[in-house]
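Fold and contact review
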Amino acid sequence: MFSQQFEMLKTSELLATHSITQSRRQFKKLKADIIQNGVREPIKYVVYQGEKFVVDGHHRLQAARDLRIHKVPAEEVQLPFLGYRNADDLIDTDVR
Amino acid sequence: MAIWQYDLHLIPRKAIEDLFSTVPPSLARKTFDEVAWWKNYQPVFDYESEIGSFLSPREFWSDEAKAWGEEDGTSIEVWFEQKLVTDIYVRINVASLDVNVLEKLTGLTARCEALFLTADLEVIEPDLQNLTAHIKQSNAFRFVENPEQFLSKNVDRLRVA
């Protein structure tokens, strides 16, 4: 299904930008789900200086690596927030 | 999870105090993973309704968890084993911070008699000022503020990770 809609990339091509934050219990359940159903959602990445940096799907990527799954569904996205105003402005001044 | 999300776990204050006598500034990853934090301190109020008052319930891939909010936005997941809460996992969308949601979240955490545990395993009080200060120090915030600069500053480190 994914191979028709999304590219399949080697996990080694994708660079994580975030560490694992789920608890070991949660992560174990994610891996069990991936064993049963595969990686259901494509991993989103941006290309910067020729490298593919993951922006969404870090746990799925790490789970796939742990399970020795070599290729995962992936989708290139553009940097999503470049057009946003400075994030500092997004925080209400009352809580600064 | 996404780079623009700021992640937190809720940990019962009493479970931490049981273990350390006091509240330490941070936890070791091993400690975090090995302790069944909620085992003896289940939330005793209708937390599902409270979460539902500020985030909409959503379908979730596991039948061992309930989830509210958006997968790649602000989200709360409550995980269960044999109907008992095992984890409460929060992801805050730093790209569209909503102070009302942060207020509700700190209120929920206080009612659970819990503390926030950050992605760096720092233990912080459920206080709005405190939370926003930590968010502003986070990678998620730096990324949202200037994605290219964030990647540029971290490109070498990320290549070898």
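See the structure printed just above.
Attention in this report is confined to the structure presented alongside it. (Residues numbered from 1 in each chain as written. Chains lettered and ligands numbered in written order. Predicted model: local features only at pLDDT ≥ 70, side-chain atom pairs only at ≥ 80, totals over all residues. Heavy atoms only, no water.)

Each pair of packed helices can be summarised by the angle the axes make with each other and by the distance between the axes. Residue and element names in this part refer to chain A. Remark: helix α2 (residues 24-37) packs on helix α3 (residues 58-66), axes separated minimally by 10 Å, with the N-to-C direction vectors making an angle of 70°. Taken as axis vectors, α2 and α3 run roughly perpendicular relative to one another. Handedness of the crossing formed by α2 with α3: right-handed. Every residue of α3 that contacts α2 at Phe27, Leu30, Lys31 and Ile34 is listed here: His59, Arg60, Gln62, Ala63 and Asp66. (Axes fitted to C-alpha atoms, helices over the stretch in contact; angles between N-to-C directions. Helix = DSSP H or I, 4+ residues; strand = E, 2+ residues; numbered from the N terminus. Parallel < 35°, antiparallel > 145°, perpendicular 65-115°, else oblique. Left-handed = near helix turned anticlockwise from the far one by under 90°. Contact = heavy atoms within 4.5 Å.)

Before going further, it helps to examine the packing of helix α4 (residues 99-111) of chain B against helix α5 (residues 128-136) of chain B. Residues and elements named next belong to chain B. Their axes nearest at 10 Å, the elements α4 and α5 cross at an angle of 120°. What the angle tells us is that α4 and α5 run oblique. Note that α4 runs across α5; the crossing there is right-handed. From α4, Val99, Leu102, Glu103, Leu105 and Thr106 reach across to α5, where they touch Leu128, Leu131, Thr132 and Ile135. Looking at the contact of α4 with α5, its residues break down into six nonpolar, two polar and one charged. (Nonpolar A, V, L, I, M, F, W, Y, C, P; charged D, E, K, R; others polar.)

A few words now on the packing of aromatic side chains. All names here are of chain B. Per the stated rule, a full pass over the model turns up five aromatic pairs over all chains. Taking the centre distance of 6.5 Å and the plane angle of 80° together, the rings of Phe45 and Tyr47 count as edge-to-face. Its relative accessible area of 15% is what places Phe45 among the buried residues. On the basis of relative accessible area, Tyr47 is assigned to the buried category, the value being 10%. An aromatic cluster of at least three residues, connected via ring pairs, comprises Phe60, Trp61 and Trp79. Over the ring of Phe45 we find Arg111; its NZ or CZ atom is 4.3 Å from the centre of that ring. (Phe/Tyr/Trp six-rings, centres within 6.5 Å; stacked < 30°, edge-to-face > 60°. Buried < 20%, exposed > 50% of the residue type's maximum accessible area, 1.4 Å probe, protein only. Lys NZ or Arg CZ within 6 Å of the ring centre and 35° of its normal.)

What follows concerns the interface of chain B and chain A. Facing the 45 residues of chain B at the interface are 40 residues of chain A. Of the roughly 4000 Å² buried between chain B and chain A on both sides combined, carbon and sulfur atoms contribute 59%. Counting the contacts that link chain B with chain A gives three salt bridges. A salt bridge links Arg25(A) to Asp87(B), with the nearest nitrogen and oxygen atoms 3.1 Å apart. The interface formed by chain B and chain A holds 13 residue pairs in polar contact (both at pLDDT 80 or more) in total. Those elements that place two or more of their residues in the side of chain B that touches chain A are β1 (5-12), α2 (29-34), β4 (75-81), β5 (84-93), α5, α6 (139-145) and α7 (147-160) of chain B. The greatest single-element share of the side of chain B that touches chain A, amounting to seven residues, is contributed by α7(B). Counted by class, the side of chain B that touches chain A contains 25 nonpolar, six polar and 14 charged residues. (Buried area = accessible area lost by both parts, 1.4 Å probe. Salt bridge = Lys/Arg side-chain N within 4 Å of Asp/Glu carboxyl O. Polar contact = N/O pair within 3.5 Å; in protein donor to acceptor, adjacent residues only side chain to side chain.)

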